[in-house]
Amino acid sequence: MTVQQIIEKFNFSPLSLPCPEREVSGGYTGDLLSWVMGRASQDNAWITIMSNINIVAVASLSDVSVVILAEGVSADSGVLETAEQKGVNIVSSELPAFEIAVRIADSV
Amino acid sequence: MSEFLNFHFDVDGENFVSAGQASVQVKKNLRELGLPPEIIRQVSIAMYEGEINMVIHAGGGVADVNVYEDRIVIILADTGPGIKDIELAMTEGYSTATDNVRSLGFGAGMGLPNMKRYTDEMTIESEVGKGTTITMCVYLK
Ligand SMILES: Nc1ncnc2c1ncn2[C@@H]1O[C@H](COP(=O)(O)OP(=O)(O)OP(=O)(O)O)[C@@H](O)[C@H]1O
Ligand SMILES: [Mg+2]
């Protein structure tokens, strides 16, 4: 499934969407950046409640296909602008991380 | 020594907002060179962890990435406090990060283990009160 299809299927809110056609191949959930760096795989959806600027570099360098902010967490405009520039997709959802993970797991 | 391409960066120790920029730039450069995605990912992850460590533990430093025909060498050098017990620092979960830094998502004590895991060679030279130089190597063949 692509990021765009996942957004539509689960009604996620796109916050930064420079690469909507990227493929989602699974997921990783976590808020500690070095765990994400070491354990997330390329093209994963990264589910987190962390929304500071450092998530953009982590998402870009670990090459995940989308950051999903859980629990209705939002990110400030500086973060979203940087994400657009760096080609990092960020979406948000009101659902808890576990619920998001279950849905992603069922559809990829 | 054979010919190589050098990318050099000064890593600012004050600025958490731009932390990781050198690594993001290196990723871009390696892409333009047409290197395999898996290699780029290894270098990106290892360099990011080292770059962040220089920012949060050492007040900044310098980063060099040298691309040879058969390998990529990443050298991160700082004049920070140094690492007293390198073996302990390499242990998963060991961190001296402050609460402030932890609130940003750092401080899991996984950075150095990630650097080791994603590179083919890694050496740490450190002297307390003088600084730390970490050299990592990723083979291209
Ligand atoms: N360049 C450095 N200068 C001084 N101390 C360092 C340096 N790099 C690492 N350290 C020390 O080694 C410890 C472990 O580093 P490591 O990168 O594994 O974890 P961390 O930076 O604390 O957390 P994380 O990387 O998971 O966000 C650090 O907490 C710090 O005490
Ligand atoms: Mg670290």
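Everything in this summary refers to the structure shown in the same document. In this text the structure is predicted, and so the values were computed from the model without any measurement.

1. A short note on the side chain of Ser107(A)
Residue and element names in this part refer to chain A. Here Ser107 is to be found in helix α5 (residues 97-107). Assessed through its relative accessible area of 15%, Ser107 is described here as buried. Engagement of the side chain of Ser107 in a polar contact is seen with the backbone oxygen of Arg103, the distance being 2.9 Å.

2. Looking at the site of ligand 1
Taken together, 21 residues form the shell around ligand 1, and within it His57(B), Ser95(B), Thr96(B), Gly107(B) and Gly109(B) come nearest. Neighbouring residues of ligand 1 are not confined to one chain but are distributed across chains A and B. One nitrogen or oxygen atom from the side chain of His57(B) is found 2.8 Å from an oxygen atom belonging to ligand 1. Contact distances for ligand 1 include 2.9 Å between an oxygen atom and a backbone N or O atom of Leu112(B). Among the elements of the structure, α2 (37-58) and α5 (111-117) of chain B are those that each provide at least two residues to the shell around ligand 1. Here the element with the most residues in the shell around ligand 1 is α2(B); it accounts for 4 residues. Counted by class, the shell around ligand 1 contains 9 nonpolar, 10 polar and 2 charged residues.

3. Details of the nonpolar core
The nonpolar side chains of a soluble globular protein tend to be buried with one another. Counting 62 residues, the largest nonpolar core has Trp46(A), Ile55(A), Ile90(A), Leu30(B) and Ile72(B) as its most contacted members. Looking at which element gives the most residues to this core, the answer is α2(B), with 11 residues. For Ile90(A), the residues in contact, after removing those within four places along its chain, are Ser13(A), Pro14(A), Leu15(A), Ser16(A), Ile55(A), Val67(A), Leu69(A), Val79(A), Leu80(A) and Ala83(A).

4. Considerations on helix α4 (residues 77-86) of chain A
All names here are of chain A. Listed in full, the buried residues belonging to α4 are Val79, Leu80 and Ala83. Projection of α4 onto a plane perpendicular to its axis shows the buried side chains occupying an angular sector of 95°, all on one side. Opposite the buried face of α4, at more than 90 degrees from it, the exposed residues are Ser77, Glu81 and Gln85. Positive backbone phi, approximately 75°, marks Gly87, located one or two places after α4.

Definitions and limits used
What you see as residue numbers is a count from 1 along each chain, following the sequence as written. Labels are handed out in written order, letters beginning with A for the chains and numbers beginning with 1 for the ligands. Totals for whole chains, interfaces and linings use all residues, but because this is a predicted model, local features are given only for residues with pLDDT of at least 70 and pairs of side-chain atoms are given and counted only at 80 or more. The basis for every side-chain value is the complete set of non-hydrogen atoms in the structure, without hydrogens or water. Helix and strand assignments come from DSSP, with helices taken as H or I runs of at least 4 residues and strands as E runs of at least 2, each series counted from the N terminus. Relative accessibility under 20% of the residue-type maximum defines a buried residue, over 50% an exposed one, and the middle range a partly exposed one, all with a 1.4 Å probe and only protein chains included. Polar contact is defined as a pair of N or O atoms within 3.5 Å, subject to the rule that within protein one atom must be able to donate a hydrogen and the other to accept it, and that residues adjacent in sequence are counted only when both atoms are side-chain atoms. Any residue with a heavy atom lying within 4 Å of a molecule or strand is counted as near it. For this classification, Asp, Glu, Lys and Arg are treated as charged, while Ala, Val, Leu, Ile, Met, Phe, Trp, Tyr, Cys and Pro are nonpolar and the rest, including Gly, are polar. As used in this record, nonpolar core signifies buried Ala, Val, Leu, Ile, Met, Phe, Trp, Tyr and Cys residues forming a set joined through side-chain atoms within 4.5 Å. Any pair of residues with heavy atoms lying within 4.5 Å of one another is described as a contacting pair. The reported arc concerns the directions from the helix axis to the C-beta atoms and nothing else.

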